[in-house]
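In case you want the letters, here they are:
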Amino acid sequence: METVLKSSLLLCALALAGTSALAADRFDVAVTVDDLPSHGSKPADITRAEIARSHIATFRAHGVPEAWGFINAVALDKEADSGSALDVWRKAGYPLGNHGYTHMGLSQAASLEAWEEDVRKNEPVLEKYMAGKDWHVLRYPFLDAGGKGARHDDALAWLTARGYRVADVTLGFDDWAYTETYARCVAKGDKAAIEGMKASYYRRVDQQLARTKAMSQRVYGRMIPQVLLTHMGAWSAATLPEVMKRMDAAGAHYVTLDQVQADAAYRMPSPRAGDGAMIERRAQDAGIDLAGLPAVEPVGNLDALCR
Ligand SMILES: [Zn+2]
């Protein structure tokens, strides 16, 4: 009896220790979702609206107060029913921002003017869905802010003059890389392949969280508030419940983009402002060596699966 009591006391103590370790590890995260209303191929048995609804249900279950959705309005012309995903998003009270009409990368664009036109072409749709609200937030397609130089500086000056601010990214799990394979595997009914992909993906989520924490400590001396990037696709919808469970266990606490961007880390000047992921960019700018951080295993050869 006494042994049982002692061991249950020990279990309580361990549980409490676990809780306080979690509190110490707590960090703020703003959630952002790219490629609304339609990221990549999707399985036939789910609609774009259902994919959006699934995201919202998961975010709500984890106390996400706001999630910016960044749109490529070209999808509305290509997929007749995809606009319903934007309705679903706005009905949930989540805001929409600009991700370029066709998802044009700034470095690859034929000219700066062509790229600006791609950003502008999205605006009537934002005006419509965000009526009366401020939608002037830009997520660079491919996180391509033009590198270093005139095109970068001119684009940023143009965006700023137009009233935009840039939504930087610090955290992501390469969910986009799984999208096409997942749609193929669902069509084939290859459950084993999907389970294998999920197991590897969730392992990589944990590894990425560990790496990001260590990297933030090295670059800033603290865990800065994070901006998560995920994509409006079927793979992401299917895996987000488990991903967010793992984020919660790692200490994630969800806040708005404004709250995160109020942190000094988001106002540090950079000649490549907006380019790539922010913590890695800051490390490069400041000449901080990222060697020896916890590694993330590669995505693997998804292209060969479910052919
Ligand atoms: Zn995108």
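Residues numbered from 1 in each chain as written. Predicted model: local features only at pLDDT ≥ 70, side-chain atom pairs only at ≥ 80, totals over all residues. Heavy atoms only, no water.

1. Section: the domain arrangement of the protein chain
- The domains assigned to the protein chain are domain 1 (69–166) and domain 2 (169–307).
- One C-alpha centre belongs to domain 1, the other to domain 2; they are set 22 Å apart.
- With 15 residues of domain 1 in contact, the opposing surface of domain 2 contributes 14 residues.
- Regarding the contact of domain 1 and domain 2, the summed buried area is about 1100 Å², with carbon and sulfur atoms giving 56% of it.
- It is Arg139, Leu143 and Arg165 that lose the most area in domain 1 upon contact with domain 2, and together they represent 45% of the buried surface on that side.
- Put simply, domain 1 and domain 2 have one salt bridge between them.
- Between Arg165 and Asp258 there is a salt bridge whose closest N-O contact spans 3.1 Å. (Domains from an automatic or database assignment. Contact = heavy atoms within 4.5 Å. Buried area = accessible area lost by both parts, 1.4 Å probe. Salt bridge = Lys/Arg side-chain N within 4 Å of Asp/Glu carboxyl O.)

2. A short note on the pattern of salt bridges
- Within this structure, the stated rule accounts for 15 salt bridges.
- A salt bridge links Arg246 to Glu242; its shortest N-O distance comes to 2.8 Å. Linking Arg246 with Glu242, this pair stays in helix H10 (residues 234–250), spanning four residues, or about one helical turn.
- Assessed through its relative accessible area of 24%, Arg246 is described here as partly exposed.
- One salt-bridge network, held together by shared partners, links Asp206, Glu242, Lys245 and Arg246. (Helix = DSSP H or I, 4+ residues; strand = E, 2+ residues; numbered from the N terminus. Buried < 20%, exposed > 50% of the residue type's maximum accessible area, 1.4 Å probe, protein only.)

3. Concerning the coordination of the zinc ion
- The coordination sphere of the zinc ion, as far as protein atoms go, consists of Asp35 (OD), His99 (NE2) and His103 (NE2), spread over 2.1 Å.
- Sequence positions of the donors to the zinc ion reduce to the motif D-x63-H-x3-H. Here the two residues His99 and His103 agree in accessibility, since each one is buried. (Donors = N, O, S within 2.8 Å, 3.2 Å for Na, K, Ca; no water.)

4. Some words on the packing of helix H9 (residues 191–220) against helix H12 (residues 278–286)
- For the pair H9 and H12, interaxial distance at closest approach is 10 Å and the crossing angle is 35 degrees. The crossing of H9 and H12 is left-handed. Judged by residue contacts, Thr212, Met215, Ser216, Val219 and Tyr220 of H9 engage Met278, Ile279, Glu280, Arg282 and Ala283 from H12.
- Of the residues assigned to the contact of H9 with H12, the class counts are six nonpolar, two polar and two charged. (Axes fitted to C-alpha atoms, helices over the stretch in contact; angles between N-to-C directions. Left-handed = near helix turned anticlockwise from the far one by under 90°. Nonpolar A, V, L, I, M, F, W, Y, C, P; charged D, E, K, R; others polar.)

5. Overview of the pairing of strand S1 (residues 27–36)
- With nine of 10 residues buried, S1 lies mostly within the body of the structure.
- The pairing of S1 with strand S8 (residues 252–255) spans four bridges and is parallel. When the bridges of S8 are listed, Val29 appears paired with Tyr254.
- The pairing of S1 with strand S2 (residues 67–71) spans five bridges and is classified as parallel. Bridge assignment links Val31 to a residue of S2, and that residue is Ala67.
- Note on the crossover from S1 through helix H2 (residues 48–61) to S2: the handedness is right-handed. (Pairing = 2+ DSSP bridges. Right-handed = clockwise from strand over helix to strand, strands pointing away.)

6. Some words on the packing of aromatic side chains
- Evaluated as defined, the whole model comprises 12 aromatic pairs.
- Ring geometry for Trp115 versus Tyr140: centroids 5.9 Å apart, planes at 25 degrees, classification stacked. Taken together, the residues span a long stretch of sequence, with Trp115 in helix H5 (residues 112–121) and Tyr140 in the loop between strand S4 (137–138) and helix H7 (150–161) at a distance of 25 residues.
- For Trp115, a relative accessible area of 1% puts it in the buried group.
- Taken together, a centroid distance of 5.4 Å and an interplanar angle of 70 degrees make the contact between Tyr182 and Trp235 edge-to-face. A residue pair is termed long-range when its members are at least 10 positions apart, and Tyr182 in helix H8 (residues 179–188) and Trp235 in helix H10 qualify at 53 residues. Residue Tyr182 shares its accessibility class with Trp235, and that shared class is buried.
- By the ring-pair criterion, three or more aromatic residues cluster together here, those being Tyr178, Tyr182, Tyr201, Tyr202 and Trp235. (Phe/Tyr/Trp six-rings, centres within 6.5 Å; stacked < 30°, edge-to-face > 60°.)

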